[in-house]
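Secondary and tertiary structure notes
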Amino acid sequence: MRLGGPRKRTRSARPESPLVCRWDLDKTYLRSEFTTLRQLLRTAFERPEQKVDVPGVAELIRGLKAAAESRGQTALVYFVSASPPQIGKSIRAKLALDGVPYDGIVFKNQLEHLRRGKFRNLREHVGFKLVELLRGHLAAPADTRELCFGDDWESDSLIYSLYADILAGRLAAAPLTAILMRIRVDPLLVAEVIELATRVPARDAVERIFINLERRTPPATFRLFGPRVVPTFNYFQTAVVLAVMGRLRLEDITRIGTVLVERSGYTARRLDNSLDDLVRRGYLALPAAERLAAPLRAAGLLSLPDPRMRWRRILVRLGRWRPRRSEAPPSGALDYDAILARVQPAARHAAATGGTP
Amino acid sequence: MPTIAIDAMGGDHAPEEVVKGVAQVSLATDIECVLVGDERRIQEQLEGVSYNPEHIAILHCRDVIGMAENPREAMRRRDASLLVGTRAVAEDRADAFVTAGNTGACILACAKYFPLIRGIRRAALASVYPRHVEYPGQDRFALLLDVGATVRCEAEELVHFAVMGAGYARRISKVASPRVALLNMGSEETKGGETLVAAHRRLRALGGINFVGNVEGNDLVRGRADVIVCEGLVGNIALKLIEGVSEVFTDLASVAAERRLTWRFGLRLLARGIERLRELTDYAQYGGSPILGFERLCIKCHGRSTAQAVANAVKVAAKAVRDRVPAEIAAAVTVVG
């Protein structure tokens, strides 16, 4: 069943272009708890079977791979994590336990920062992640299309947006340096990012950036990042948007929905509400939502529409008659001044005083 | 989980505070919320706050009944959020309704769409209000009914109010045998005129409720009774008096603090006590007044409700649904006869 997407991908590379999915780990794949030192230590020493994945994420990754294969494409999955490599063994075992196929995983060498006395680098991940993402992109086939997956705990929306704008050639070295310095990225990493950025051939490779709203950050917060960033509340919503983009099949959404219902206590109503929320936020057109809902209703994942509500539904449709959030990527780079002023009060102060925070 | 329909457009601070309140509920509980109102305006508010979309549905409608509108005329506007929400409950699409909108229209809407419990003649708007606690473990809230749904009452209706109030307190406040009193101008049973004397006599003779006799105005904020019964006119005046005194007290404290340094210092020393008093008298804490007497539930919030007040009202409504309050009242009325 076609849910939309492929025919609209006129701007995309050829259909056989490999798809690269870049994943964050904590709070995006894993439900890691480390708001306190005790939780952090516990996370570090957790056994693989004790680690908890976000509901539906393993099925989503498997679905992305399988859907690509069914189209004769390759989908490569890479994890970039700011966790130390010391927990790598446990993470790899967890991914194996979940049956998640992946093609690479990178950790942040926190001990090295400690050894060098660069304590700020322990918490600052923008530089580290940008370097790893750019390295990964340079190592990938030339015509790859990319999807990025992160969460709302750190700066994933900012990191991935910078990455996308660098790849698209929308961020020149000077403004990029200014942005990275303003975030107080280690100057050595800034130089490395700039060096890698200059080697990247300009191509708009990032299709979408999905942000898992684990912290329930208000979605309006992400408006400054433009339509490329899609904040989602659960992986059912992510799957629906991916299906409409032609990156997942209906059976993949059904599988993810079933897992949410059977293992995580979701109900048909919760999935209904999730779908409606996507439509209201403009990430899903009403006709696409209805095309998608019919088979999901047949599978028992969504509730049947109340016949008494027919007229009200027509009224709602008329009310929702408004343009969808544009799928077109921004013509220029995002307004990073505004983004930084919003996400970083220190940066806001610096911007106001004309200095560097 | 109960499904609660919430009038998103009703109240002085709607839809902002209502949507915020529902968003809080969606994050903290599993209650299924249906926001009734203009979808676009609701969504605009929702996207600016933290919320869990899995527990929020929106029932779109375009019309809104204003706070100062004539309730009878407002009843003609079938697409108003207050009426659409009430109908949603009547048609079983939600289990209870919460609104901070026009009180008169709310009562008329309930009367139009919800059937009265068998044996009950008139509905009552019951108000939960803070009172002095007389002994450890006593609920810090009492129930006053009616506070405006039925302006003038007969003795039999006052008896029904007593039964309904006792049923509600048993379920919601978890008081096994709530003490029920009649608001009067004296504690003697012969005081207050024909209706109150007859009501007193009937309540005294009634089994199944713990009737403690008449209470006077000054007993309202004491812990003598858990349920206080009166006709709507008196109840409304009493309730507004309690609210007004509390507000005046806070205002006086602010004025005093501005006037003299020594007073400001004294108030600073009393700050914790004043804050405690403010908390105790803050209507936002107890989240709305149930309209009792119907087979379906409706919680009427204060018109000035904040997000916290709306959130508490939704939780109270869900609790009342789970504890089957209308069924409890119906059973109590059957026993009384």
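Residues numbered from 1 in each chain as written. Chains lettered and ligands numbered in written order. Predicted model: local features only at pLDDT ≥ 70, side-chain atom pairs only at ≥ 80, totals over all residues.

The next point concerns the nonpolar core. Counting 109 residues, the largest nonpolar core has B:Ile6, B:Ala96, B:Val314 and B:Ala317 as its most contacted members. The leading source of residues in this core is helix α11 (residues 307-322) of chain B, at 11 residues. When residues of this core are assigned to domains, at least three fall in each of domain 1 (1-120 + 293-325) and domain 2 (121-288) of chain B. Those residues in contact with B:Val314 that lie beyond four places of it in its chain are B:Ile4, B:Ile6, B:Gly21, B:Val22, B:Val25, B:Ile31, B:Cys33 and B:Val98. Listed in part, the 92 residues of the second largest apolar core include A:Trp23, A:Phe225, A:Val240 and A:Leu271. (Core = buried A, V, L, I, M, F, W, Y, C linked by C-beta atoms within 7 Å. Buried ≥ 20, exposed ≤ 12 C-beta atoms within 10 Å, placed from the backbone. Helix = DSSP H or I, 4+ residues; strand = E, 2+ residues; numbered from the N terminus. Domains from an automatic or database assignment. Contact = placed C-beta atoms within 7 Å.)

Residue-level contacts link 21 residues of chain A with 19 residues of chain B. Looking at which element gives the most residues to the side of chain A that touches chain B, the answer is helix α12 (residues 268-280) of chain A, with 7 residues. Looking at the side of chain A that touches chain B residue by residue, the classes come out as 6 nonpolar, 5 polar and 10 charged. (Nonpolar A, V, L, I, M, F, W, Y, C, P; charged D, E, K, R; others polar.)

This part takes up the sheet that holds strand β5 (residues 206-212) of chain A. Residue and element names in this part refer to chain A. An order of β3-β2-β1-β4-β5-β6 is seen for the 6 strands of this open sheet, with the pairing classed as parallel. Two strands bound the open sheet, and with one partner strand each, they are β3 (104-106) and β6 (229-232). For this sheet the average axis-to-axis angle between neighbouring strands, irrespective of direction, equals 20 degrees. (Pairing = 2+ DSSP bridges. Axes fitted to C-alpha atoms, helices over the stretch in contact; angles between N-to-C directions.)

Another aspect to go through is helix α10 (residues 235-244) of chain A. Burial analysis of α10(A) places 9 of its 10 residues in the buried class, which makes it a mostly covered element. Against α2 (57-70), β5, β6, α11 (250-264), α12 and α13 (286-298) of chain A lie the buried residues of α10(A).

Here we take up helix α12 (residues 325-336) of chain B. Residue and element names in this part refer to chain B. Compared with the 16 Å implied by 1.5 Å per residue over 12 residues, the 17 Å span of α12 between its first and last C-alpha is a close match. Along α12, the residues classified as buried are Val325, Pro326, Ile329 and Ala332. Within α12, the buried residues cover an arc of 125 degrees as seen down the axis, which keeps them to one side. Turned more than 90 degrees away from the buried face of α12 sit Thr334 and Val335, all of them exposed. (Expected span 1.5 Å × (residues − 1). Arc of directions from axis to C-beta.)

The pLDDT averaged across chain B works out to 90; a share of 96% of its residues lies at or above 70. Under the prediction, the complex receives an ipTM of 0.85, its pTM being 0.87. (pLDDT = per-residue confidence, 0-100.)

What follows covers unusual backbone geometry. All names here are of chain B. Cis peptide bonds are those with omega within 30 degrees of zero, and the linkage from Ala14 to Pro15 qualifies with 0 degrees. By secondary structure assignment, the location of Pro15 is in the loop between β1 (3-7) and α1 (16-28). A cis amide bond links Leu145 to the next residue, Asp146, at an omega of 5 degrees. Relative to the assigned elements, Asp146 resides in the loop between β6 (141-145) and α6 (155-173). Its identity as a non-glycine residue notwithstanding, Asp92 has a phi of 70 degrees, on the positive side. Structurally, Asp92 can be placed in the loop between α4 (81-90) and β4 (96-99).

Residue and element names in this part refer to chain B. Read across the sheet, 11 strands follow the order β3-β2-β1-β4-β11-β10-β5-β6-β9-β7-β8 without closing on themselves; strand pairing throughout is mixed. Of all the strands in the sheet, the pair left with one neighbour each is β3 (56-60) and β8 (210-215). Ignoring strand direction, the axes of neighbouring strands in this sheet form an average angle of 25 degrees. As judged from the 2 bridges shared by strand β5 (residues 124-130) and strand β10 (residues 289-292), these two strands associate in the antiparallel manner. Residue pairing for β10: Ala124 is matched across the bridge by Leu292. The sheet contacts of α6 involve β5, β6, β7 (179-183), β9 (227-229) and β10, and relative to β9 the element is tilted by about 160 degrees.

Our next topic: the environment of B:Gly11. Residues and elements named next belong to chain B. Its location among the elements puts Gly11 in the loop between β1 and α1. Along the chain, Gly11 and Ser26 lie 15 residues apart, while their C-alpha atoms are 20 Å from each other. Contact partners of Gly11, with chain neighbours within four places excluded, come to Glu17, Val18, Ala100, Gly101, Cys301, Gly303 and Ser305.

Attention shifts here to the packing of α2(A) against α11(A). How two helices sit against one another is set out by the angle between their axes and by the gap between those axes. All names here are of chain A. Axis separation between α2 and α11 bottoms out at 10 Å; the angle between their running directions is 170 degrees. Taken as axis vectors, α2 and α11 run roughly antiparallel relative to one another. Here Glu59, Leu60, Gly63, Ala66 and Ala67 of α2 come into contact with α11, specifically with Asp252, Arg255, Ile256 and Val259. When grouped by side-chain class, the residues that make up the contact of α2 with α11 number 5 nonpolar, 1 polar and 3 charged. (Parallel < 35°, antiparallel > 145°, perpendicular 65-115°, else oblique.)

Residue and element names in this part refer to chain A. When pLDDT is averaged along chain A, the result is 84, and 80% of the positions lie at 70 or above. Long-range and interchain partners of residues 4-13, a stretch whose pLDDT sits below 50, account for 11 contacts in this model, where long-range means more than four residues apart. The low-confidence segment residues 346-357 (pLDDT under 50) makes 17 contacts with residues lying over four places distant or belonging to another chain.

Turning our attention to the pairing of β5(A). Residues and elements named next belong to chain A. Here β5 lies mainly inside the structure; 7 of its 7 residues are buried. When strand β4 (residues 145-151) meets β5, the two strands line up parallel, connected through 6 bridges. The residue bridging Asp151 from the neighbouring strand is Asn212, located in β5. Sheet analysis places β5 next to β6, joined by 4 bridges and oriented parallel. Residue pairing in the sheet places Asn212 in a bridge with Thr232 of β6.

Residues and elements named next belong to chain B. Orientation of α4 relative to helix α5 (residues 103-113), taken along the N-to-C sense of each, is 35 degrees, at an axis distance of 10 Å. Taken as a pair, α4 and α5 cross one another with a handedness that is right-handed. Contacts between α4 and α5 involve Leu82, Leu83, Thr86, Arg87 and Ala90 from the former and Ala105, Cys106, Ala109, Cys110 and Tyr113 from the latter. Grouping the amino acids of the contact of α4 with α5 by side-chain chemistry returns 8 nonpolar, 1 polar and 1 charged. (Left-handed = near helix turned anticlockwise from the far one by under 90°.)

Residues and elements named next belong to chain B. Its place among the elements puts Ala124 in strand β5. Between the C-alpha atom of Ala124 and that of Ala90, which follows or precedes it by 34 residues, the distance is 18 Å. When neighbours within four sequence positions are excluded, Ala124 is seen to be in contact with Leu145, Asp146, Ala149, Thr150, Phe161, Met164, Leu292 and Gly293.

Turning our attention to the domain arrangement of chain B. Residue and element names in this part refer to chain B. Per the domain assignment, the segments of chain B are domain 1 (1-120 + 293-325) and domain 2 (121-288). Facing the 24 residues of domain 1 at the interface are 19 residues of domain 2. For the side of domain 1 that touches domain 2, the elements supplying multiple residues, two or more each, are α5, β11 (297-300) and α11. Considering each element in turn, the side of domain 1 that touches domain 2 owes the most residues, 8 residues, to α11. Grouping the amino acids of the side of domain 1 that touches domain 2 by side-chain chemistry returns 14 nonpolar, 6 polar and 4 charged.

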